[in-house]
Structure formats: structure tokens, C-alpha cells
Amino acid sequence: MTYLLDALHARIGEFVDLRRDIHRHPELAFDEHRTAALVAERLAAWGYRVERGLGGTGVVGTLVRGAGSRRLGIRADMDALPIPEATGLAWASQRPGLMHACGHDGHTAMLLAAARHLAEQGRFDGTLNLIFQPAEEGGGGALRMMGDGLFERFPCDAVFAMHNMPGVPQGHLVLREGAAMASSDYATIRLTGRGGHGAMPQHAADPVVAAASLVMALQTVVSRNVDPLQAAVVTVGALHAGQANNVIPAQATLELSVRALDRDVRALLEQRVKALAESQAASFGVRAEVDWRPGYAVLVNSARETAFARDVAVGLLGAERVTLQGPPLTGSEDFAFMLERVPGSYVLIGNGDGPGGCMVHNPGYDFNDDNIAVGSAYWVRLAERFLSADDLTRGACP
Ligand SMILES: [Zn+2]
Ligand SMILES: [Zn+2]
């Protein structure tokens, strides 16, 4: 399979330049107008039918070849983060306060490199849908595109996506069947008591003491309520109350991030957090209001499509550069919503270590351009095999 890697590597300069151009011009969720225009213009130039405006700034490029009935979706994300860049690189962000700190510039460039190769040399039979989505970073761009009829207008038999991962050797692929990334829910808990003089607490109902107790009680949800063999996170990331040492405030507010790798555990976390908030508050004579906001779902990779993706990865890179069943992550990803509708698999590609190899969402992070050839070769091979007219080359996918 090295001829494919060599072929993509030979023309990689164009896509390194494109990646760095996107990097210089980061755009936040649902504001990816320049990036979307660039993607749409390239796809159209290579012969794709292009639809814009799904989920705001989302773009879908479709290429139909032959009479095959199979339909494949491949998704890349386009948004950046509100982080001031500190890499000092020549292609660093030109927009103060914004940067591509999660490598979505690289994900977009990898899929575009594959798009060009597939348009010019791709041997496949069926429908290829390339999905460029806005707002992966908390905005739920995948859900918005689906709300605009993504899978009704562009039906897919399977969908695949890729994310880079610092700390994993560059170009190494990590797959996982089953739950691979956590659900991510948010809760705001407001405790309302009765304010008063700090010297006379007997006349007040102190929400600060209730909040302190609640923070500790919440630690027992994971340690005492969740099955020890399951994963869960309850983090109180913000706690606000009061302004002066001699004033008991009337209110305290807690902000929580709650994560799970299983739907039943996710439901249990919601139930226990709400029950503890109410019962703890009552025991201190204050009132609790819980504003529970569901975020991204658990990302579950289907068995058949993951087996197929593993086969593609091993065929491309050799078994020594592929982890067949990596550990799950407590981070979250809105590709989970697409996988709730259509089977598929999400793969991680190692971003390596060394300069620029620090973790995503860090101001010193940069996408590793050596991954453009590997990542695009994976997409080309996956598309050609999934949409193959020859059943024998389809591997584990019927
Ligand atoms: Zn991110
Ligand atoms: Zn990301």
C-alpha cells in the first residue's frame, strides 16, 4: 500500500500550504465562513457537487461514480478555539485570541487531500459524501447539520471520522469498538438561602456551607453509586458565592461537568446529582435549583464498521502502526450524534511528540503536517474499499 502513501506524499506540499493557510485564519464555531468557502471552492473545482449552509456553515461534497448503490460518509470538523496562540510558528494565527488548537485545520486538510486524489484517481463505485462540519467544540455542529437534513439529503450506509492525538506516535492509528468517548453533560446548581451578618449566622441560612458540603457529597457519586468497573467523571469546575468576609450571601452557584461512557451510567449520574443537590440543600435549610443541560452523547463505534476500518488501517500501515482496540477517552465529540443515526467508526491518528506535540487545547499545540499523507491515504483506501464494486475487497463490510 506504500504506492498510495507515496502518491499522496508526492503532492503533499499543496495541502501543507492549505493547512497552514487555514491555521493562519482560525474561525470559531458557526463562524467558519472563510474555511467553508475555501473547502467548497476546492471541492467544486475537483468535480464534486457541493451543498453549503447545512448547520450554518457546513459543507457537503458529493461524488458519484458507477452505478453502485453503496453510500459512504466521511466527516471532518472545521472550527477553532478562543485561545491566544503561543507557538511562535511562521503560520501562527493572525487573529488575536483565536487558534486552531485542536487540529481541525489538519482534519480539514487531510480530507481535502483525499478528496482531490479520489476525484482524480479514485477507483470506486457508489456515492461518496464528504462532510465538513462546523462547531465541533461544544456547539454541536453535527446535530445542527443533521437538523438540516444531512442524512435525508445525503443518505449514508456508514460514516467515519478522524481526530489527531498528541502523545501517540505520529501517523499511528488507534481504533476502538464500542464506547470510545464519553457523554458530556453540564449542570448549574443554584443554592438559595437567606443572607445575613457574618457575626450572626443563627439569623441566616448559609448557602456557602451547603455548597461546600455538596461539593464533597458529589464526590460519592462516582465512588459509591457508579459500578467500580464503569467510568464516570463528576467535576465541580466553578463555585461562586459571596463578596465579603462578614456577609453571609443569599446565593451560591456550582458549575458541573458530568461524563460517562455508558447510557445507563449517564442516567444514573443525572439522577444522583439532582438528588444530592436537593437533599443536601434541604439539610442546611436552603433551596436547590438544578439546571441540567445535556451535551454530547456517548460515542459508540459499531463492531462491523470498526472491523472494516481496522482492516483498512492495517493494510495501509502494517499491524505495528495500528492499535486495534485503544482505551476509551473521557473527552467528548459530537460525531457521537452521527453514530447514533448511522453505523461507523472514529479513529485517532497519532500527532507525535516534540515541538508542537503538546496536548490539544494548549496554546503551544500544532497539527503535525506529516499526518496529511497518512490520514488522506487512510481516507482514500477506506473509500475505495467501502465503495468497491468487487465484494472480495470489502473486507468485513458486506
Ligand atoms: Zn477540541
Ligand atoms: Zn477536536
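The preceding data block contains the structure.
Owing to the predicted nature of the structure, the values given are computational and were not obtained by experimental measurement.

> What is the right way to look at the coordination of the zinc ion (ligand 1) in this model?
Ideal geometry at a metal centre gives angles of 109.5 degrees when four donors are arranged tetrahedrally and 90 or 180 degrees when six donors are arranged octahedrally. Donor atoms from the polypeptide that coordinate the zinc ion (ligand 1) comprise C102 (SG), E137 (OE), E137 (OE) and H361 (NE2), at 2.0 to 2.7 Å from the metal. Because the angles between the four donor atoms bound to the zinc ion (ligand 1) fall within 53 to 150°, the donor set is best described as irregular. If you list the donors of the zinc ion (ligand 1) from N- to C-terminus, the spacing comes out as C-x34-E-x223-H. The distance between the zinc ion (ligand 1) and the zinc ion (ligand 2) comes to 3.1 Å, with C102 serving as a donor to both metals. Of this pair, C102 sits in the loop between strand 3 (71-77) and helix 4 (104-121) while H361 is found in the loop between strand 16 (344-352) and helix 11 (371-386), placing the two residues 259 residues apart along the sequence.

> Help me out: how do you make sense of the nonpolar core in this one?
In summary, soluble globular proteins display a tendency toward joint burial of nonpolar side chains. Among the nonpolar cores identified, the biggest contains 67 residues, and L43, Y48, L128, F132, Y378 and L382 are the most heavily contacted of them. A total of 10 residues in this core trace back to one element, the largest contributor, which is helix 11. If sequence neighbours within four positions are ignored, L43 has contacts with Y48, V50, V59, G61, L112, A115, L130 and F132.

> Would you mind going over the environment of L28 with me for this structure?
Here L28 shows up in the loop between helix 2 (12-24) and helix 3 (33-45). Judged by relative accessible area, L28 falls into the partly exposed class, the value being 30%. Taking the C-alpha atoms as reference points, L28 and F151, 123 residues apart in sequence, are found 24 Å from one another. Ignoring anything within four residues of it in the chain, the contact list for L28 reads D79, A80, L81, P82 and L98.

> Looking at this structure, I do not really get the pairing of strand 3. What am I missing?
Walk down a regular strand and you will see the side chains alternate between the two sheet faces. Burial analysis of strand 3 places six of its seven residues in the buried class, the great majority of the element. By the bridge criterion, seven bridges tie strand 3 to strand 4 (residues 126-133) in an arrangement that is parallel. Residue R75 lies in a different strand from strand 4, and its bridge partner there is I131. In this region the chain leaves strand 3, passes through helix 4 and returns to the parallel neighbour strand 4; the handedness of that crossover is right-handed.

So, how was this worked out
Residues numbered from 1 in each chain as written. Chains lettered and ligands numbered in written order. Predicted model: local features only at pLDDT ≥ 70, side-chain atom pairs only at ≥ 80, totals over all residues. Heavy atoms only, no water. Donors = N, O, S within 2.8 Å, 3.2 Å for Na, K, Ca; no water. Tetrahedral: all angles 85-135°; square planar, octahedral: opposite > 155°, others 65-115°. Helix = DSSP H or I, 4+ residues; strand = E, 2+ residues; numbered from the N terminus. Core = buried A, V, L, I, M, F, W, Y, C linked by side-chain atoms within 4.5 Å. Buried < 20%, exposed > 50% of the residue type's maximum accessible area, 1.4 Å probe, protein only. Contact = heavy atoms within 4.5 Å. Pairing = 2+ DSSP bridges. Right-handed = clockwise from strand over helix to strand, strands pointing away.

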